[in-house]
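# Coordinates in review
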Amino acid sequence: PSWAVDLDRAERLCEMGPGQIFQCLCTLFTVTQNDRGDSVLLEFDSPGGFPLDEWLESQDDEHDNFEYCQHLCRELLAARMKIGFMFLHLWGFLNSSNISVTNRGTLKTIATLGCVLSYKGARAMAISEIKQGRGGLLPPEIRLEIKPKSEEPGKVRSPDIYVATDTYAVAALILKVLTRREPSGMNDPALLESLPKESVDW
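The structure reproduced in this document is the subject of the present report. (Residues numbered from 1 in each chain as written. Predicted model: local features only at pLDDT ≥ 70, side-chain atom pairs only at ≥ 80, totals over all residues. Heavy atoms only, no water.)

## Remarks on the packing of aromatic side chains
Enumeration over the complete set of coordinates arrives at two aromatic pairs. Between W55 and Y68 the ring centres are 5.6 Å apart and the planes differ by 25°, which places this aromatic pair in the stacked class. Of the two residues, W55 is situated in helix 2 (residues 52–58) and Y68 in helix 3 (residues 66–85); the sequence distance between them amounts to 13 residues. An identical accessibility class is assigned to W55 and Y68; each is buried. Between the aromatic rings of W91 and Y119, the centroid separation amounts to 6.4 Å while the plane-to-plane angle is 65°, which identifies the pairing as edge-to-face. Of this pair, W91 sits in the loop between helix 3 and strand 4 (99–101) while Y119 sits in helix 4 (residues 119–131), and the two are 28 residues apart along the sequence. (Phe/Tyr/Trp six-rings, centres within 6.5 Å; stacked < 30°, edge-to-face > 60°. Helix = DSSP H or I, 4+ residues; strand = E, 2+ residues; numbered from the N terminus. Buried < 20%, exposed > 50% of the residue type's maximum accessible area, 1.4 Å probe, protein only.)

## Quick look at the nonpolar core
The biggest cluster of nonpolar side chains holds 33 residues, and the ones touching the most others in it are L13, L52, L76, L94, I99, I110 and I174. Every element with two or more residues in this core is listed here: helix 1 (7–16), helix 2, helix 3, strand 4, strand 5 (107–110) and helix 6 (160–179). Of the residues forming this core, the biggest block, seven residues, is contributed by helix 3. Among all residues touching L94, those that are not within four sequence positions of it are I99, I110, A169 and V170. The next biggest cluster of nonpolar side chains, apart from the first, holds eight residues, and it includes F93, L117, L138 and I142. (Core = buried A, V, L, I, M, F, W, Y, C linked by side-chain atoms within 4.5 Å. Contact = heavy atoms within 4.5 Å.)

Pasting the structure below:
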């Protein structure tokens, strides 16, 4: 639906074309609004590679080690910085299903649907994720800023949310790969003690 899409940002992203931002971001080829103006068709490039969640399931325990998670974390943070340089953000919608990796597990592409969501679109997606039992990785900023309809102001209170949500999403994803736990389970003292001490640096 049109209300879920930030058309200005989507059209700007489309105009950039393949490789204009950086290779890890899925290209948006077309943005087409219907005659009634109530829906938008977005056509993205195929992400290629393997979805991270499927790749992890196909591997042995090698991906659990500290070095792999450290490398993946740095790749994702570097990608987040490049997205930010173009004044784009993902609203924190970054998980193992919208990240593609090579057959060696290195980052290949990130789906860019989050980049074209409007405030209302991000709110609707967050509610959908929660209803489908996938809200455990949602950044707390999303839960605080995207309010019930009775309180909805139509915009977020602070632009800092854009950086905070995406950075949190990276950390939450890495923790899940490393520990098989979502952020809500990170208060377990035994689990925290099992994490490498070096993880505080990345």
